[in-house]
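Analysis of the macromolecular model
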Amino acid sequence: MAEDRNDWPLWEVFVRSRNGLAHRHVGSLHAVDGEMAVEMARDVYCRRAEGVSVWVARSADIVASDPARKDDMFEPMVSKIYRHPTFYEIPSEVKNI
Amino acid sequence: MYTQGLDQRPADGATKAGDDPAALAAFQARVDREEKIEPNDWMPQGYRRTLVRQISQHAHSEIVGMLPEGNWITRAPSLRRKMILLAKVQDEGGHGLYLYSAAETLGVPRAEMVDQLLAGKAKYSSIFNYPTLTWADIGAIGWLVDGAAIMNQVPLCRCSYGPYARAMIRICREESFHQRQGYELMLKLAQGTSEQKRMAQDALDRWWWPSLMMFGPSDRESIHSSQNMAWKIKRVSNDELRQKFVDATVPQGHYLGLTFPDPELRFDEASGHWTHGPIDWSEFNRILAGDGPCNRERMAARRKAHADGAWVREAAAAFAAKRARRQRAEAAE
């Protein structure tokens, strides 16, 4: 089983469930190349008409934020409550705003 | 289903060397707040080990679980039944793949897990070591085995580890078809000729007790459920799940006009539950130890399938390498 030590690369699979919706991550699979990954994504993740479009991307190519630095990364946005419409008080007589 | 083997191994304590107590406490607090744990988050070593073992055993069970049913695809009695069985067996393969992916997010390559299974070092559910002797067994597996799997898997949809919980949600959605097609098959047999009804009864007789064993040892024997409960990997105890299954299944069997192979089975008015006789745990332990009716046959079939597929894996890898070389050469021109 020597060849298995060198397993096919991992791909992340994204499926658009119907037109008008964004592609959504559904899981991953192993495939030798992109073409095979798309075909296998159909068999593994779309056996019940779950989608109308599939994207695959090599897992190794995905760059992610560091969960350990989550607080530094997202805190500055959390404290900026004036970015939300509810921060502003508008008299109730004023309509359509 | 198929998490029963977990209860057969010593506990992975939370406080093994290397885990910082403050980090452990913060982790437990997250779990207590019902936050999901995601792949790159810090987690205790024991949590990771327990999940790798449970998810990989679960994946192996799905893959080995294709064998008892695959045995009947070419002998299905009608085209309708053959299409249904093919779809079901394909689903089991898909479930194995979702679960291997979930386990891989914990840092273990799939090839390593497959090697462990083929080397006989990994466990899978005891239920797949029983033979499928007649067509009625296909009905009994869908109704009872998939029914028991659903009982066990629904709480796993709320497991604290995100990728496992998400895989379980997909799987539970699909298992419902498996159980219903099985019950419908049993119903057809139960309403058929006396010979067909006898087949249905025989299948129930053989699959009932093994299905109850699928929930794993009694809570009294299961030494380390508490850590897994605290980590919210396991959310409902073995005995509670088994009772839910018995309560749901017994009336379904009576509707079929069949009897359960348990003289002590009775409805207890006071508790509102069906109570059953003692389970033969020596049979369960024997099968988990590798000495069930089909353990050797199942492993031999998996090894053969893996070896027979080697040329396909090699050819695909060689083709991809050739194409990548050609693309690099064209890009260089």
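Presented here is a report on the structure given in the accompanying data block. Numbers given for residues are sequential positions, taken from 1 along each chain in its written order. In the order they appear in the text, chains get letters beginning with A and ligands get numbers beginning with 1. With pLDDT at 70 or above as the cut-off, local features in this predicted model cover only qualifying residues; side-chain atom pairs require 80 or more to be listed or tallied, and sums for whole chains, interfaces and linings still use all residues. Hydrogen atoms and water are omitted, and side-chain values are computed over all heavy atoms in the structure.

1. Comments concerning the overall build of chain A
Helix and strand labels come from DSSP, where a helix needs a run of H or I of at least four residues and a strand needs a run of E of at least two; each type is numbered from the N terminus. The helix and strand inventory of chain A stands at two helices and three strands. Sequence-ordered secondary structure for chain A, helices as α and strands as β, is β-β-α-β-α. Seen through its principal axes, chain A has C-alpha atoms that stretch 75 × 35 × 15 Å. A burial count over chain A gives 22% of its 97 residues as buried. Each residue is assigned to one of three classes by its accessible area relative to the maximum for its type, calculated with a 1.4 Å probe on protein chains only: buried under 20%, partly exposed between the two thresholds, exposed over 50%.

2. What to know about a nonpolar patch on the surface
Taken together, the side chains of Ile 81, Tyr 82, Phe 87, Tyr 88, Ile 90, Val 94 and Ile 97 of chain A present a nonpolar region at the surface, about 740 Å² in accessible area. Mapped onto the elements, Ile 97 of chain A comes out in the segment after helix 2 (70–78). For patches, a residue must show more than 30% relative accessible area and have no salt bridge; joins then use 9 Å for like charges and 5 Å for nonpolar side chains, namely Val, Leu, Ile, Met, Phe, Trp and Tyr. Surface accessibility in these figures is a Shrake-Rupley result with a 1.4 Å probe; residues are shielded only by whichever protein chains are displayed. Take a side-chain nitrogen of Lys or Arg and a carboxyl oxygen of Asp or Glu: if they are within 4 Å of each other, that pair is a salt bridge.

3. Quick look at the sheet that holds strand 1 (residues 10–16) of chain A
Residues and elements named next belong to chain A. Paired strands, in this sense, are two strands between which DSSP finds at least two bridges. Read across the open sheet, the three strands follow the order 2-1-3; overall the sheet is antiparallel. Where the open sheet ends on each side, the last strands, each with one partner, are strand 2 (24–30) and strand 3 (53–58). The mean inter-strand angle of the sheet, taken between neighbouring strand axes irrespective of direction, is 30 degrees. The contact criterion used throughout is that any non-hydrogen atoms of two residues lie within 4.5 Å. The angle between two axes is taken between their N-to-C directions and runs from 0 to 180 degrees, where each axis is a line fitted to C-alpha atoms and a helix contributes only its stretch in contact. Contacting strand 1, strand 2 and strand 3, helix 1 (residues 34–45) runs over the sheet at an angle of about 115 degrees to strand 2.

4. Description of the interface of chain B and chain A
Contact with chain B, which involves 25 residues of that partner, is made by 22 residues of chain A. Remark: the boundary between chain B and chain A carries seven salt bridges. The salt bridge involving Asp 33 of chain A is made with Arg 323 of chain B; its shortest N-O contact spans 2.4 Å. N or O atoms closer than or at 3.5 Å make up a polar contact, with two conditions inside protein: a donor-capable atom paired with an acceptor-capable one, and, for residues adjacent in sequence, both atoms drawn from side chains. Counting every contact that joins chain B to chain A gives eleven residue pairs in polar contact (both at pLDDT 80 or more). Among the secondary structure elements, those contributing two or more residues to the side of chain B that touches chain A are helix 4 (79–104), helix 5 (110–118), helix 7 (162–190) and helix 13 (310–332) of chain B. Here the element with the most residues in the side of chain B that touches chain A is helix 4 of chain B; it accounts for eight residues. When residues are grouped by polarity, Ala, Val, Leu, Ile, Met, Phe, Trp, Tyr, Cys and Pro land in nonpolar, Asp, Glu, Lys and Arg in charged, and all others, Gly among them, in polar. Classifying every residue of the side of chain B that touches chain A gives nine nonpolar, six polar and ten charged.

5. Regarding helix 11 (residues 281–288) of chain B
All names here are of chain B. Considered for burial, the residues of helix 11 that qualify are Phe 284, Ile 287 and Leu 288. Projected down its long axis, helix 11 shows its buried positions confined to an angular sector of 100 degrees, all on one face. Count one or two residues on from helix 11 and you reach Gly 290, which has phi positive near 105 degrees. The arc in question is formed by the directions pointing from the helix axis toward the C-beta atoms.

6. Quick notes on the nonpolar core
For soluble globular proteins, nonpolar side chains are generally found buried alongside one another. Counting 93 residues, the largest nonpolar core has Tyr 47, Ile 55, Tyr 161, Tyr 164, Trp 207 and Trp 208 of chain B as the members making the most contacts within it. Trp 208 of chain B has contacts with Leu 144, Phe 245, Val 246, Thr 249, Val 250, Phe 260 and Pro 261 of chain B, leaving out every residue within four places of it along the chain. To qualify as a nonpolar core, a set must consist of buried Ala, Val, Leu, Ile, Met, Phe, Trp, Tyr and Cys residues joined through side-chain atoms within 4.5 Å.

7. Some details on helix 7 of chain B
A helix is expected to reach a length of 1.5 Å times the quantity of its residues less one. With 29 residues, helix 7 of chain B extends 42 Å from end C-alpha to end C-alpha; this agrees with the ideal 42 Å at 1.5 Å per step. When the local axis directions of helix 7 of chain B are compared, the greatest deviation, roughly 25 degrees, occurs at Glu 174 of chain B. The angle separating two fitted axes, one through the seven residues that finish at a residue and one through the seven that start at it, defines the bend at that residue.

8. Some points on the side chain of His 60 of chain B
All names here are of chain B. By the secondary structure assignment, His 60 is in helix 2 (residues 45–64). By relative accessible area, which is 0% here, His 60 ends up buried. Apart from residues no more than four positions distant in its own chain, His 60 is found in contact with Tyr 100, Met 113, Val 114, Leu 117, Ala 122, Lys 123 and Tyr 124.

9. Quick notes on the pattern of salt bridges
Taken as a whole and assessed by the stated rule, the structure comprises 27 salt bridges over all chains. Arg 30 of chain B is the partner of Asp 41 of chain B in a salt bridge, and the nearest nitrogen-oxygen pair spans 3.2 Å. Of this pair, Asp 41 of chain B sits in the loop between helix 1 (21–32) and helix 2 while Arg 30 of chain B sits in helix 1, placing them eleven residues apart in sequence. Just as Asp 41 of chain B is buried, Arg 30 of chain B falls in that class too. Within this structure, Arg 47 and Arg 48 of chain A together with Asp 91 and Glu 174 of chain B form a network of salt bridges that share partners.

10. Topic: the state of the cysteines
When the sulfur atoms of two cysteines come within 2.5 Å, that pair is taken as a disulfide. Scanning the model with the defined rule gives zero disulfides over all chains in all. In this structure Cys 46 of chain A is not part of a disulfide, and its nearest cysteine sulfur, from Cys 172 of chain B, lies 19 Å away. Cys 46 of chain A sits in the buried class, given a relative accessible area of 15%. Among the cysteines around Cys 157 of chain B, which has no disulfide bond, Cys 172 of chain B carries the closest sulfur, lying 3.7 Å off. With relative accessibility at 18%, the residue Cys 157 of chain B sits in the buried group.

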